[in-house]
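Chain by chain, the residues run as shown.
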Amino acid sequence: VQLQASGGGLVQAGGSLRLACAASGTNFVNYAMSWFRQAPGKEREFVSYITSGGLTRRYADSVKGRFTISRDNAMSTVYLQMNSLKEDDTAVYYCARARSGAIIAYSDYSLYDAWGQGTLVTVSS
């Protein structure tokens, strides 16, 4: 399985970016997906989660109301729309495939078995 993340870049605070993660070599529709991020000098942290069918979505408190996760199973792609970006959102963003279509402990990165290479998001003041 391969996960290819894209869409990162440099944006001013208050701006928007849309990340995409294209999956190949997997039956994408069977798996929940998440986004995590890792800022310099910090541990990887959960950002957002979506079940295989897209009916359930979860967000970290720090991004709730600003970020939206979605997926297109026909395109085997998961997205992260990021609005009202803050400097604290600066990080490398990773997409990850869960081990099943829905998981309870979605913020536990040990429950994910495939990771994208990461895409850097830099938010400037």
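Q: Tell me about the overall build of the protein chain, residues and numbers included.
A: Along the protein chain, the regular secondary structure elements total zero helices and eleven strands. Sequence-ordered secondary structure for the protein chain, helices as α and strands as β, is β-β-β-β-β-β-β-β-β-β-β. For the protein chain, the proportion of its 125 residues judged to be buried stands at 46%. Put simply, of all contacts in the protein chain between residues at least 6 apart along the chain, 57% involve residues at least 24 apart. With an accessible surface of roughly 6200 Å², the protein chain has 47% of that area assigned to carbon and sulfur atoms. Within the protein chain, one finds 12 positive and 9 negative side-chain charges whose respective centroids are separated by 6 Å.

Q: Just give me the short version of the pattern of salt bridges, but keep the residues and values in it.
A: Counted by the stated rule, this structure contains five salt bridges. With a shortest N-O distance of 2.6 Å, Arg-37 and Glu-45 are connected by a salt bridge. For Arg-37, a relative accessible area of 5% corresponds to the buried category. For Glu-45, a relative accessible area of 35% translates into the label partly exposed. Here Asp-113 makes a salt bridge to Arg-97, at a shortest N to O gap of 3.0 Å. Taken together, the residues span a long stretch of sequence, with Asp-113 in strand β10 (residues 112–115) and Arg-97 in strand β9 (residues 91–98) at a distance of 16 residues. For Arg-97, a relative accessible area of 10% translates into the label buried. Overlapping salt bridges, with partners in common, bring together Arg-37, Glu-45, Arg-66 and Asp-89 in one network.

Q: A description of the sheet that holds strand β8 (residues 77–82) should follow, citing residues and the corresponding values.
A: Reading across the sheet, the four strands line up as β1-β3-β8-β7 and stay open at both edges, with antiparallel pairing between neighbours. Every interior strand has two partners, whereas the edge strands, β1 (2–6) and β7 (67–72), have only one. Strand-to-strand twist in this sheet, taken as the mean axis angle between neighbours without regard to direction, amounts to 15 degrees. The pairing of β1 with strand β3 (residues 17–24) spans five bridges and is antiparallel.

Q: Can you tell me about the pairing of strand β4 (residues 33–38), naming the residues and giving the values?
A: Of all the six residues making up β4, five are buried; the element is thus mostly covered by neighbouring parts of the structure. Pairing between β4 and strand β5 (residues 45–50): five bridges, direction antiparallel. Counterpart to Phe-36 in the pairing with β5 is Phe-46. Relative to β9, β4 runs antiparallel, the two being bridged by six bridges. In the sheet register, Ser-34 faces β9, and the bridge partner there is Ala-96.

Q: Describe the environment of Glu-43, naming the residues involved and giving the relevant values.
A: Looking at the element boundaries, Glu-43 is found in the loop between β4 and β5. By relative accessible area, which is 71% here, Glu-43 ends up exposed. Sequence spacing of Glu-43 and Arg-18 is 25 residues, and the spatial spacing of their C-alpha atoms is 23 Å.

Q: Summarise unusual backbone geometry; cite the residues concerned and give the values.
A: Residues other than glycine predominantly adopt negative phi, and peptide bonds predominantly adopt the trans conformation. Of note, the phi angle at Ser-76 is positive, near 50 degrees, even though the residue is not glycine. On the secondary structure map, Ser-76 appears in the loop between β7 and β8. Within the chain, Ser-84 stands out as a residue other than glycine whose phi angle is a positive 50 degrees. The residue Ser-84 is located in the loop between β8 and β9 in this model.

What counts and what doesn't
- Residues numbered from 1 in each chain as written.
- Predicted model: local features only at pLDDT ≥ 70, side-chain atom pairs only at ≥ 80, totals over all residues.
- Heavy atoms only, no water.
- Helix = DSSP H or I, 4+ residues; strand = E, 2+ residues; numbered from the N terminus.
- Buried < 20%, exposed > 50% of the residue type's maximum accessible area, 1.4 Å probe, protein only.
- Contact = heavy atoms within 4.5 Å.
- Areas by Shrake-Rupley, 256 points an atom, 1.4 Å probe, with all protein chains shown as cover.
- Lys, Arg positive; Asp, Glu negative; His and termini not counted.
- Charge placed at Lys NZ, Arg CZ, Asp CG, Glu CD.
- Salt bridge = Lys/Arg side-chain N within 4 Å of Asp/Glu carboxyl O.
- Pairing = 2+ DSSP bridges.
- Axes fitted to C-alpha atoms, helices over the stretch in contact; angles between N-to-C directions.

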